[in-house]
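These are the residues of each chain, in order.
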Amino acid sequence: MPAFATSAPPVTAPVPTTPMPLTGPDTLAATAPLAIPAPAPGPAPVAPALPVADAFVGVADAGYGTKAAKALAFARAQIGKPCVWGASGPDSYDAPGLAQAAWKAAGVVLPRSAPDQAATGAPVSLTALQPGDLVFFDDGAGHVGICTGNGMMIHAPGPGAYVREESLHHAGRSAIHGAVRPA
């Protein structure tokens, strides 16, 4: 299983910049989670959604940008649908089911589980996130969100909630485990 990359040129998105040290063999399970500072009291900030085309200004790989735009357009169309454990659409989703369905709409086949998705694609440092990248949370990459840019993501938070776009830092998760770029 590939380890997540730990260095890249900085970006302007408000994401943690501390490299994620490896504590053992080159595996996802050996990657130490990155602690996210507790948010300030009050409601979570909501960034205005960018039109899909505007979110990809500056994306280096135009082929990836086109696929990622399709995946994000699909994911955005699912906002408001219920989160149901084990669901992969079209009426409800869990987190990996949403990521799988979104990237399928872009012509990319992903495995069904979040840990398997974390082992697919190119590892990406948190300082180099681009729209469409998959961001993993919790021990063993148990939860996944689709980066929308500017420190935001679309995800299915959990049973009883609804698919939504929110900050990577206000997602009710304690640590970002890593990120990959589907290919």
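(A) The overall build of the chain, seen in detail. Per the secondary structure count, the chain includes four helices and seven strands. Of the regular secondary structure in the chain, the N- to C-terminal order runs β-α-α-α-α-β-β-β-β-β-β. Buried positions account for 48% of the 183 residues belonging to the chain. Across the chain, every contact between residues at least 6 apart in sequence was considered, and the portion connecting residues at least 24 apart equals 62%. With the model as given, the accessible surface of the chain reaches about 8400 Å², and the carbon-plus-sulfur share is 62%.

(B) Region of the structure containing the confidence of the model for the chain. Of the residues in the chain, 63% reach a pLDDT of 70 or more, and the chain-wide mean stands at 75. Long-range and interchain partners of residues 42–60, a stretch whose pLDDT sits below 50, account for 22 contacts in this model, where long-range means more than four residues apart.

(C) Geometry of the pairing of strand S7 (residues 175–181). With respect to burial, S7 is a largely interior element, six of its seven residues being buried. The pairing of strand S2 (residues 122–123) with S7 spans two bridges and is classified as antiparallel. When the bridges of S7 are listed, Ala122 appears paired with Arg181. Judged from the four bridges that link them, strand S3 (residues 134–137) and S7 form a sheet pairing that is antiparallel. Considered in S7, the bridge of Phe137 is made with Ile176.

(D) Examining unusual backbone geometry more closely. Cis geometry marks the peptide bond from Gly89 to Pro90, where omega comes out at 0°. Its location among the elements puts Pro90 in the loop between helix H2 (62–77) and helix H3 (95–105). At Asn150, a position not held by glycine, the phi torsion is positive, near 55°. Within the secondary structure layout, Asn150 lies in the loop between strand S4 (143–149) and strand S5 (152–155). A relative accessible area of 47% places Asn150 in the partly exposed class.

(E) Just the pattern of salt bridges, in detail. Enumeration over the complete set of coordinates arrives at four salt bridges. Between Asp94 and Arg112 there is a salt bridge, with the nearest N and O atoms lying 3.0 Å from each other. You can see Asp94 sitting in the loop between H2 and H3 and its partner Arg112 sitting in the loop between H3 and helix H4 (114–118), a full 18 residues away along the chain. On the basis of relative accessible area, Asp94 is assigned to the buried category, the value being 11%.

(F) Here's a closer look at the side chain of His155. With respect to the helices and strands, His155 occurs in strand S5. His155 gets classed as buried once you look at its relative accessible area, which sits at 0%. A polar atom in the side chain of His155 sits 2.5 Å from the side chain of Glu166.

(G) Here's a closer look at the pairing of S5. Residues of S5 alternate between two faces, with Met152 and Ile154 on one and Met153 and His155 on the opposite face, all of them buried. By the bridge criterion, three bridges tie S4 to S5 in an arrangement that is antiparallel. Counted as the bridge partner of Ile146 is Ile154 from S5. From the end of S4 to the start of S5, which pair antiparallel, there are two residues, and Asn150 there has a positive phi angle of about 55°. For S5 and strand S6 (residues 164–167), the ladder comprises four bridges, and the chain directions are antiparallel. Across the sheet, residue His155 finds its bridge partner in S6, namely Arg164.

(H) A look at the packing of aromatic side chains. In this structure the tally under the stated criterion is two aromatic pairs. Plain terms: the ring middles of Tyr64 and Trp103 are 5.7 Å apart, the flat faces sit at 25° to each other, and that makes the pair stacked. Note that Tyr64 is positioned in helix H2 and Trp103 in helix H3, a separation of 39 residues in sequence. Note on Phe74 and Tyr93: the rings are 6.4 Å apart at their centroids and 90° apart in plane angle, and the pair reads as edge-to-face.

Definitions and limits used
- Residues numbered from 1 in each chain as written.
- Predicted model: local features only at pLDDT ≥ 70, side-chain atom pairs only at ≥ 80, totals over all residues.
- Heavy atoms only, no water.
- Helix = DSSP H or I, 4+ residues; strand = E, 2+ residues; numbered from the N terminus.
- Buried < 20%, exposed > 50% of the residue type's maximum accessible area, 1.4 Å probe, protein only.
- Contact = heavy atoms within 4.5 Å.
- Areas by Shrake-Rupley, 256 points an atom, 1.4 Å probe, with all protein chains shown as cover.
- pLDDT = per-residue confidence, 0-100.
- Pairing = 2+ DSSP bridges.
- Salt bridge = Lys/Arg side-chain N within 4 Å of Asp/Glu carboxyl O.
- Polar contact = N/O pair within 3.5 Å; in protein donor to acceptor, adjacent residues only side chain to side chain.
- Phe/Tyr/Trp six-rings, centres within 6.5 Å; stacked < 30°, edge-to-face > 60°.

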